[in-house]
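# Results of the structural survey
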Amino acid sequence: MTTFDLDNDSLRDLNGRLHGDPPAKVKVTNAGGRHSVAVGVDADIEISIDGHVGYYCAGMNKQATIRVNGNAGPGVAENMMSGVVDVSGNASQYAGASAHGGTLIIRGDASSRCGISMKGIDIVVAGDVGHLSAFMAQTGHLVICGNAGDHLGDSLYEAIIFVRGEVGELGADCIEKEMRPEHYARLESLLGAAGLDFDPKEFKRYGSARKLYHFNIDHADAY
Amino acid sequence: MTLRESATFPADVLAEIHRAADQGIYDVRGFGAKRKLPSFDDLLFLGASMSRYPLEGYREKCATNVTLGTRYAKKPVELDIPITIAGMSFGSLGANAKESLGRAATLMGTSTTTGDGGMTSEERESSKTLVYQVLPSRYGLNPDDLRRADAIEVVVGQGAKPGGGGMLLGQKITERVAGMRDLPEGIDQRSACRHPDWTGPDDLEIKIQELREITDYQLPIYIKIGATRVTYDVTLAVKSGADVVVLDGMQGGTAATQDVFIEHVGIPTLPAVRLAVDALEELGMHREVQLIVSGGIRNGADAAKALALGADAVSIGSAALVALGCNRDVYIEDYEKLGTLPGYCHHCHTGACPVGVATQTPELEARLRPEQGAQWLRNYLTTMVLEMQTLARACGKSHVLNLEPEDLTALTIEAAAMARVPLAGTTWIPGSS
Amino acid sequence: MCGIVGIYYKNKKLQGNLGASLAAMLVEMSDRGPDSAGVAVYRDPVDSGHLKVSLFSASEYDWESLKSELESQSGQDIEYARHATHALFTVPNNGFDAVAWILATHPELRLMSAGSSIEIYKEKGLPQEFVRQFDLQQFSGSHALGHTRMATESAVTTEHSHPFSTGLDLCLVHNGSLSNHNRLRQSLRNCGVDIRTDNDSEVAAGYLMWRLREGDTLEQALERALLDLDGFYTLAIGTKNGFAVLRDPIACKPAIMAETDDWVAMASEFRAIAQLEGVEHANVWEPAPATVYAWGGQ
């Protein structure tokens, strides 16, 4: 186990070591709200971070399993490609922004714009998400075990949203859809991967009405 | 019978109102602003005579090289010529066009730039120096491409539509384009106008740090802005940590956006350059943070004038495509099918580009062979560089970057005020002296 | 664009830490705001017969002479303390309107704050420099707001720095960019609100002052601000007894709150709050958009 103490070691030392040929297990202590901790990792390793992190923790992650024992600032796991990012506390806005793959687990609440522009990532939030979550979400899954703020799935493409709690006002072109066996199966597997013990039967599915796919003046008021 | 046209409601305005009444939607088109604007044509060089001596051609060298990204990057970008190819997406352009751009740029020792769709392997392979854009849409963005780029360009906006996002209509979202952008095939692409994970220069500073950490501080980071509040924007780009500022005036082109955006938002390139250079000088950063200017650069004279006003390089988009055949008078019937003619075409958004440049349709793409396109663009760039050197030598310069505002004079009061250069025949600079 | 910080001590015994905590938070926000820094500290309240006034002079100033003038105008003893380019005067608040007199007869001075406990100091340059110049570490008090500035659309001068004073014991700091501040500035001036600069944040401050003058409570004024101010903003407002926080409905500018048994703090980034003692036990959350949060009362 290689340890980096961010009160003594520089962020550049940490990230530089994580690029190239990193050790299989890395511990980071005294995160102190610092930004860009463990970004651009491309290796099947385990990283454990103690403390709250600032912006963009685990940005553009590939392959690694990164655990944050604390809260995460804006843009955690932004543009992640693969791997797992697991946040024990809350996540600030833009969690999982534009990410292409992998799994992001948030065990507290996520703030606004969770999953904005998502392009294939699976995000599982044990608590609530804030407004404009899944804004322009293209593909992937967003699982919300708590409540969702207003304008969920605004301008939604093909991403699938599962919500267990209350949903505020829905976003443009986002509608409730039927839960079919394949959706229950997918949801079960996502909850299982996150180790969360919620019953898939308690969730509703939301997806795109696809009315904004080609401009039609009858839908001009969606803009 | 005397026909009298209204200057308020001329034929094109009448037609547009009729079209809006028929369709109920804004007009979307390609190309840049078509209306007449103050431009570099309104500036002239003061060549040598008695007080200033020209350089001979040939052995009395006029150098054209420029280095971009000296502020922070470990590996700045070295260019042989101060003319780069601007960001244009694979999707808006076909693969053959992107390859032509790459090949020509490589032959000339300059760079190309990816666009709002990510990096294709054709472009990376054909282009020796490739700038990778990070846009609000983030289509196709990934750390591998980030690391194999030679520079990163964070796009805040572009001259054709400052404040707007990308647009690609369904007919150009083919299987390949859709795959790269993670979109369903054939739909009209809606894009964000703000970045998904930062808002404001204070957050941008943190974002740039993240990009530097991911790329181990190797690459220069450019920030591209559409010309609007240039003084504030250039200042903030520097404060956010940019190595290079790319400034795109309102004449800048696009493959598709609302006509109302193109014609009514942003300022022309001519006043934008001066404001940008002033902002850099105010910060003590002129030549420390390099300035690339684009938006209606058409020839060596435009490029030389931009440099004289203080830019470090220019970037061409529309002009490069014209070199590849845009608006060439061939395949006339296909222009007519679009409702236009060569010399007037701005129909990039349709995907039915008669010359195979701005299309995803294989039969049309085949009309542009990359070898031919590369040859054309190389010839055009060579011509531009020779023109720049001709002008620079005439002004007594052994390097094009030694051109300065005092080498210029203005033909109109507007140009004099905008470029802060005296009106020809006077010492008058409106607003300054 | 900027960094905002704020701290309020629930545990009065810790008020001696105010300056050190504020200094640490301010310096942590240097990257977000390298152009200038400012603080509003609430401490050493004076009785109702007096007022504390913070004055700024751009050049060397003969404060002694001002003291003599005030003494002869008011007929009372006047005390003041120098703080770098500022001076904090304690003036009588009964009969003689010292503030109006200073503004009328000394246009070369800038009034930074007036109130019974507020003291505003602000200056160009890096936060570290500000902390040193004003010896911020030594301050103690009940609560404070701080601001580090990256100028967006107006100049970098002392006058353009935050906090902006909106009235007695009131101040405002702002992170964001208002999009309708020009017309709002004009209409506020038409209502008799004195706005000196072209800074959008000063317009927000002037707007609040106008609403409070019209009889709104602070909460009502902030609720109305959501309708009248357009753009992106996180606002922190200092009051005599506490502070308030408001984010616009779009809520893109960041804001973090943290609370322990001993204190409540807010900042643009968590790493500023990470400097505070006891933060390991803090409840950390983000204020919701378009929602007024207030501590300590007005």
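Everything numeric in this text was worked out from a predicted model, so none of it was measured. (Residues numbered from 1 in each chain as written. Chains lettered and ligands numbered in written order. Predicted model: local features only at pLDDT ≥ 70, side-chain atom pairs only at ≥ 80, totals over all residues.)

### Thoughts on the overall build of chain B
The cut-off we apply is this: Helix numbering and strand numbering both begin at the N terminus, where a helix is a DSSP run of H or I of at least 4 residues and a strand a DSSP run of E of at least 2. Whether a residue is buried, exposed or partly exposed follows from its count of other C-beta atoms within 10 Å of its own C-beta, namely 20 or more, 12 or fewer, or something in between, respectively; the C-beta atoms are built from the backbone. Here the contact rule is simple: place C-beta atoms from the backbone, and any two residues whose C-beta atoms are within 7 Å are in contact.
Within chain B, the regular secondary structure consists of 15 helices and 16 strands. Overall size of chain B, expressed as C-alpha extent along the three principal axes, is 70 × 60 × 45 Å. Here chain B holds 433 residues, and 57% of them are scored as buried. When contacts within chain B are restricted to residue pairs at least 6 apart in sequence, long-range pairs at least 24 apart make up 67% of them.

### Details of the sheet that holds strand 7 (residues 119-125) of chain A
All names here are of chain A. For clarity, the cut-off: We treat two strands as partners when DSSP finds at least two bridges between them. Geometry is summarised by axes, namely lines fitted to C-alpha atoms with helices restricted to the contacting stretch, and by angles between N-to-C directions that run from 0 to 180 degrees.
Here we have eleven strands laid out as an open sheet, ordered 1-2-3-4-5-6-7-8-9-11-10, and mixed in their pairing. For this open sheet the edge positions go to strand 1 (2-5) and strand 10 (174-177), each flanked by a neighbour on one side alone. Taken pair by pair, the neighbouring strands of this sheet meet at an average axis angle of 15°, ignoring direction. As judged from the five bridges shared by strand 7 and strand 8 (residues 139-144), these two strands associate in the parallel manner. Counterpart to I123 in the pairing with strand 8 is L142. The sheet contacts of helix 2 (residues 181-194) involve strand 6 (103-106), strand 7, strand 8, strand 9 (160-163) and strand 11 (204-208), and relative to strand 8 the element is tilted by about 70°.

### Structural notes on the sheet that holds strand 2 (residues 36-42) of chain C
All names here are of chain C. With respect to topology, seven strands assemble into an open sheet ordered 7-2-8-1-14-13-15, the strand pairing being antiparallel. Because the sheet does not close on itself, it has two edges, and the strands there are strand 7 (118-124) and strand 15 (283-285). Across the sheet, the axes of successive neighbouring strands diverge by a mean angle of 10°, strand direction being ignored.

### Remarks on the interface of chain C and chain A
Counted only if it meets this: Three classes are used: nonpolar for Ala, Val, Leu, Ile, Met, Phe, Trp, Tyr, Cys and Pro, charged for Asp, Glu, Lys and Arg, and polar for all others, with Gly counted as polar.
Counting residues at the interface gives nine residues for chain C, matched by twelve residues for chain A. Taken together, the residues that form the side of chain C that touches chain A break down as six nonpolar, no polar and three charged.

### With respect to helix 2 (residues 63-74) of chain C
Here is the rule we go by: Multiplying 1.5 Å by the residue count of a helix minus one yields the expected span of that helix.
Between its first and last C-alpha, helix 2 of chain C extends 16 Å over twelve residues, near the 16 Å set by a 1.5 Å rise per residue. A positive backbone phi angle near 75° is found at C:G75, which sits one or two residues after helix 2 of chain C.

### Some details on unusual backbone geometry
Here the bond from C:H162 into C:P163 is cis, since omega is 5°, no more than 30 degrees from zero. Note on placement: C:P163 falls in the loop between strand 8 (143-149) and strand 9 (164-167). Even without a glycine there, the phi angle at A:A134 is positive, about 60°. Among the secondary structure elements, A:A134 is positioned in the loop between strand 7 and strand 8.

### A closer look at the environment of B:I85
Residues and elements named next belong to chain B. Among the secondary structure elements, I85 is positioned in strand 5 (residues 83-85). Taking the C-alpha atoms as reference points, I85 and G317, separated by 232 residues in sequence, lie 6.1 Å from one another. Other than its neighbours up to four places away in sequence, I85 contacts L101, A105, S111, T112, T113, S315, I316 and A320.

### Some thoughts on the confidence of the model for chain B
If pLDDT is low for a region, its predicted coordinates should not be looked at in detail. Heads up, the rule is: A score between 0 and 100, pLDDT records how confident the predictor is in each residue.
For chain B, the mean per-residue pLDDT works out to 95, and 100% of the residues sit at or above 70. Of the two predicted TM-score estimates for the complex, the pTM is 0.92 and the ipTM is 0.96.

### Considering the pairing of strand 4 (residues 65-69) of chain A
Residues and elements named next belong to chain A. Judged by which residues are buried, strand 4 turns out to be one-sided: I66 and V68 face inward and are buried, whereas T65, R67 and N69, on the alternate face, are not. Where strand 3 (residues 46-50) lies against strand 4, five bridges are found, and the strand directions are parallel. Of the residues in strand 4, the one forming a bridge with D50 is N69. When strand 4 meets strand 5 (residues 84-87), the two strands line up parallel, connected through four bridges. Each bridged residue has a counterpart across the sheet, and for R67 the counterpart in strand 5 is D86.

### Digging into the interface of chain B and chain A
On the side of chain A, 38 residues touch chain B, which itself brings 22 residues to the contact. Here the side of chain B that touches chain A takes five residues from helix 6 (residues 201-214) of chain B, the largest share from any one element. By residue class, the composition of the side of chain B that touches chain A is ten nonpolar, four polar and eight charged.

### What to know about helix 4 (residues 127-134) of chain C
Residues and elements named next belong to chain C. We count it as follows: Summarising the geometry, the arc corresponds to the directions from the helix axis toward the C-beta atoms.
Three or more residues of helix 4 are buried, namely P127, F130, V131 and F134. The buried residues of helix 4 occupy an angular sector of 100° when the element is viewed end-on, so they sit on one face. Looking at the packing, one finds that the buried side of helix 4 touches helix 1 (18-28), strand 2, strand 4 (79-83), strand 7 and strand 8. Positive phi shows up at D135, right after helix 4, with a value of about 50°.

### Overview of the nonpolar core
So the rule is basically this: We define the nonpolar core as any set of buried residues of the types Ala, Val, Leu, Ile, Met, Phe, Trp, Tyr and Cys, connected via C-beta atoms lying within 7 Å of each other. Each domain's limits were defined by an automated method or a database of domain assignments.
Of all hydrophobic cores here, the largest spans 201 residues; its most connected members are A:A38, A:V125, A:V143, B:V245 and B:A276. In terms of residues, this core owes the most to one element, helix 14 (residues 370-394) of chain B, which gives nine residues. Lining this core are residues from two domains, each supplying at least three of them: domain 1 (1-91) and domain 2 (109-223) of chain A. In this view, A:V143 contacts A:I123, A:V124, A:V125, A:F162, A:L187, A:L190 and A:L191; residues no more than four positions away in its chain are not counted. Of all hydrophobic cores here, the second largest spans 89 residues; its members include C:V53, C:V131, C:L222 and C:A258.

### Some thoughts on the packing of helix 7 (residues 230-240) of chain B against helix 9 (residues 269-282) of chain B
All names here are of chain B. Filter applied, for reference: These descriptions rest on fixed angle ranges, namely under 35 degrees for roughly parallel, over 145 for roughly antiparallel, 65 to 115 for roughly perpendicular, and the rest for oblique. Each crossing gets its handedness from the near helix: less than a right angle anticlockwise from the far helix is left-handed, clockwise is right-handed.
Contact geometry for helix 7 and helix 9: axes closest at 8 Å, N-to-C directions at 45°. The angle between helix 7 and helix 9 places the two elements in the oblique class. The interaxial crossing formed by helix 7 with helix 9 has right-handed handedness. Of the residues in helix 9, those touching helix 7 at V230, T231, V234 and T235 are A272, L275, A276, D278, A279 and L280. Split by residue class, the contact of helix 7 with helix 9 holds seven nonpolar, two polar and one charged.

### Notes on the domain arrangement of chain A
With domains assigned, chain A is organised as domain 1 (1-91) and domain 2 (109-223). Computed over C-alpha atoms, the centres of domain 1 of chain A and domain 2 of chain A are 27 Å apart.

### Some words on the environment of B:L275
Along the chain, the position of B:L275 falls in helix 9. Not counting chain neighbours up to four residues away, the residues in contact with B:L275 comprise B:V230 and B:T231.

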